[in-house]
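Coordinates in review
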Amino acid sequence: MASIANKTDEQLIVEKHISNLHNGFAHWPRAEEAPPALGDSRWTQDLILATWLMAETGQVPDNGLEYKIGASGGGFDVLDFNIPNQDQWLSEDTEIDLSLPLNRRDDGAQLKINIPMYGGGMSYGSISEHVMQARARAAQHLGTFTSTGEGGYPPSLVPYKDHIITQVATGMFGVREETIQYAPIVEFKYAQGAKPGLGGHLLGDKATSAVAAMRESVPWVSLFSPFPFHSVYSVEDHRKHVDWIRTTNPRALVSVKVSTPTDVDMVAVGSYFAGAHIVHLDGSYGGTGAAPEIAKKNIAMPIEFAIPKVHKYLVSENVREEVTLMASGGVRTAYDVAKAIALGADGCVMGTAELIAIGCTRCSNCERGRGCPFGLTTTDPLLQQLMPADWGQQRIINMYNAYAIQLRDLLRKLGLRSIRELRGRRDLLKYVG
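This write-up is about the structure you can find in this document.

With that settled, consider the overall build of the chain. Looking only at helices and strands, the chain has 13 helices and 14 strands in total. Whereas a compact globule of 433 residues would reach a radius of gyration of roughly 22 Å, the chain reaches 21 Å, a difference of no more than 12%. Taking the principal axes of its C-alpha atoms as reference, the chain extends roughly 70 × 55 × 40 Å. Of all 433 residues assigned to the chain, the portion counted as buried reaches 59%. Summarising the internal contacts of the chain: among those between residues at least 6 apart in sequence, 68% fall at separations of at least 24. With an accessible surface of roughly 17600 Å², the chain has 51% of that area assigned to carbon and sulfur atoms.

Moving on: the packing of helix 8 (residues 264–274) against helix 10 (residues 303–316). Two numbers describe how helix 8 lies on helix 10: the axes approach to 9 Å, and their chain directions differ by 50 degrees. Classified by the interaxial angle, the pair formed by helix 8 and helix 10 is oblique. Handedness of the crossing formed by helix 8 with helix 10: right-handed. Residues V264, D265, M266, A268 and V269 of helix 8 form the contact with helix 10, whose participating residues are A306, K309, V310, Y313 and L314. Of the residues in the contact of helix 8 with helix 10, the class split is eight nonpolar, no polar and two charged.

Our focus in this paragraph is the packing of aromatic side chains. Enumeration according to the criterion identifies 10 aromatic pairs in this entry. Aromatic side chains F188 and F229 sit 6.3 Å apart centroid to centroid with 80 degrees between the ring planes, which places their arrangement in the edge-to-face category. Highlighted residues: F188 in strand 7 (residues 185–189) and F229 in the loop between strand 9 (223–225) and helix 7 (235–248), separated in sequence by 41 residues. Just as F188 is buried, F229 falls in that class too. An aromatic cluster of at least three residues, connected via ring pairs, comprises F25, W52, F374 and W391.

This paragraph deals with the environment of R137. Structurally, the position occupied by R137 is in helix 4 (residues 129–142). The partly exposed category is assigned to R137, whose relative accessible area is 22%. Leaving out residues up to four positions away in the same chain, R137 has contacts with Y160, A389, D390 and Q393.

Before going further, it helps to examine the pattern of salt bridges. One pass over the full model with this rule turns up 21 salt bridges. Across the pair R246 and D107 runs a salt bridge, and its minimum N-O distance is 2.5 Å. Taken as a pair, R246 in helix 7 and D107 in the loop between strand 2 (100–101) and strand 3 (112–113) lie far apart in primary sequence, 139 residues in all. In this structure, the salt-bridge partner of R320 is D346, at a minimum N-O distance of 2.8 Å. With R320 in the loop between helix 10 and strand 12 (324–328) and D346 in the loop between helix 11 (334–343) and strand 13 (347–350), the pair connects residues that are 26 residues apart, well separated along the chain. Three or more residues joined by partner-sharing salt bridges are found here, namely R104, R320, E321, D346 and R423.

Between helix 4 and helix 13 (residues 389–414), whose axes approach to 8 Å, the crossing angle comes to 45 degrees. Overall, the two elements helix 4 and helix 13 adopt an arrangement that is oblique. Where helix 4 crosses over helix 13, the handedness of that crossing is right-handed. On the side of helix 4, the interface is formed by H130, Q133, A134, R135, R137, A138, H141 and L142, while helix 13 contributes A389, D390, G392, Q393, I396, I397, Y400 and N401. Looking at side-chain class alone, the contact of helix 4 with helix 13 contains seven nonpolar, six polar and three charged residues.

This part is about the pairing of strand 11 (residues 278–282). Across the five residues of strand 11, five count as buried, placing the element largely inside the fold. The alternating pattern of strand 11 places I278, H280 and D282 and V279 and L281 on opposite faces, both of which are buried. In this fold, strand 10 (residues 253–258) hands off to helix 8, which returns the chain to strand 11; that crossover is right-handed. Alignment of strand 11 against strand 12, held across five bridges, turns out to be parallel. Opposite I278, over in strand 12, you have T324 as the bridge partner.

The rules behind these values
- Residues numbered from 1 in each chain as written.
- Predicted model: local features only at pLDDT ≥ 70, side-chain atom pairs only at ≥ 80, totals over all residues.
- Heavy atoms only, no water.
- Helix = DSSP H or I, 4+ residues; strand = E, 2+ residues; numbered from the N terminus.
- Rg over C-alpha atoms; globule rule 2.2 N^0.38 Å.
- Buried < 20%, exposed > 50% of the residue type's maximum accessible area, 1.4 Å probe, protein only.
- Contact = heavy atoms within 4.5 Å.
- Areas by Shrake-Rupley, 256 points an atom, 1.4 Å probe, with all protein chains shown as cover.
- Axes fitted to C-alpha atoms, helices over the stretch in contact; angles between N-to-C directions.
- Parallel < 35°, antiparallel > 145°, perpendicular 65-115°, else oblique.
- Left-handed = near helix turned anticlockwise from the far one by under 90°.
- Nonpolar A, V, L, I, M, F, W, Y, C, P; charged D, E, K, R; others polar.
- Phe/Tyr/Trp six-rings, centres within 6.5 Å; stacked < 30°, edge-to-face > 60°.
- Salt bridge = Lys/Arg side-chain N within 4 Å of Asp/Glu carboxyl O.
- Right-handed = clockwise from strand over helix to strand, strands pointing away.
- Pairing = 2+ DSSP bridges.

Structure, rendered in structure tokens:
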């Protein structure tokens, strides 16, 4: 009672809500009835609950929840693997390697990640600082990376800088010499698959004093990241961007994030010849609730079509072994990751799945400053306390550990000893639509 007496009303209210939320995330995946109005056709109720369960336990769901596919009726949801007869499986004690080298060129640091996934860009302002800290700590623990997004680099992330990708986008918000020098990887965001051609938009009520200070803007004024980079209209212009980064930080790898227009194969080859180490394809269906639905569903090419198109073109140009191809945009599960790699990607970049792990319900109210009732896509100082960074860190670690279990099991059944052996093996996929 004495400890309660020493707390403010605000502290007591926050503690009560944190306790209720965390108990709910643990309860609902095993409850007989699911909560109402949860999910959509891509992120179904089962997928969300299964992700919460994986984030809670670090294990593959064993209670009947569908954790492999959604109910969209297309894309990854109508692909499955041709699993050979059991006598062709590798033994259960076979060591399966999930590591992925990110640099296939002769220059720059030779970076390798322990799992074929890293966290995608979600900017300070679009998500809370607590979420950024949780993602960074999880990336450090897992031996992979997470991206800042374009909203700047909060000082609280500096202790994890060896696992953080600095993103440079058209608004140049928070881009400073030191944040480029921190980074093992610098990512140019030329376009976003959820809203290609539309740039980025942070509404005024999310541009708090802290966010505005980080972005060097005016508080409570909406911020717009234009499309495209008006300094880049050719491979040569692109090369100047890469040279700028390499001059500022010679050891940094350069990643180029592009959306998926019909000529995305030409864009990828051009990025390679401009000096990029990583080409990051971002297909439609990604993005948070802040991205317009009409853009997510109608502009960019689905990632399932873009990956093989780019992979084959890089092979035909004899540069496939010199560039790392990462895919994002609607990649939700460990099986989506495996299918993307079988289609030709080297690995995947995850965004929404991490938010689901820490409590997102896909209510699609991300654009409002006080809109997120779970403290994720908010800049409100009180609301962001609902997602403590240490709790979120462990949830993200657990989710990826459950993914790793599934990937190793799948590779073993396919007779493969390394995730790298799966790349481009479309013969292992079948259409089940």
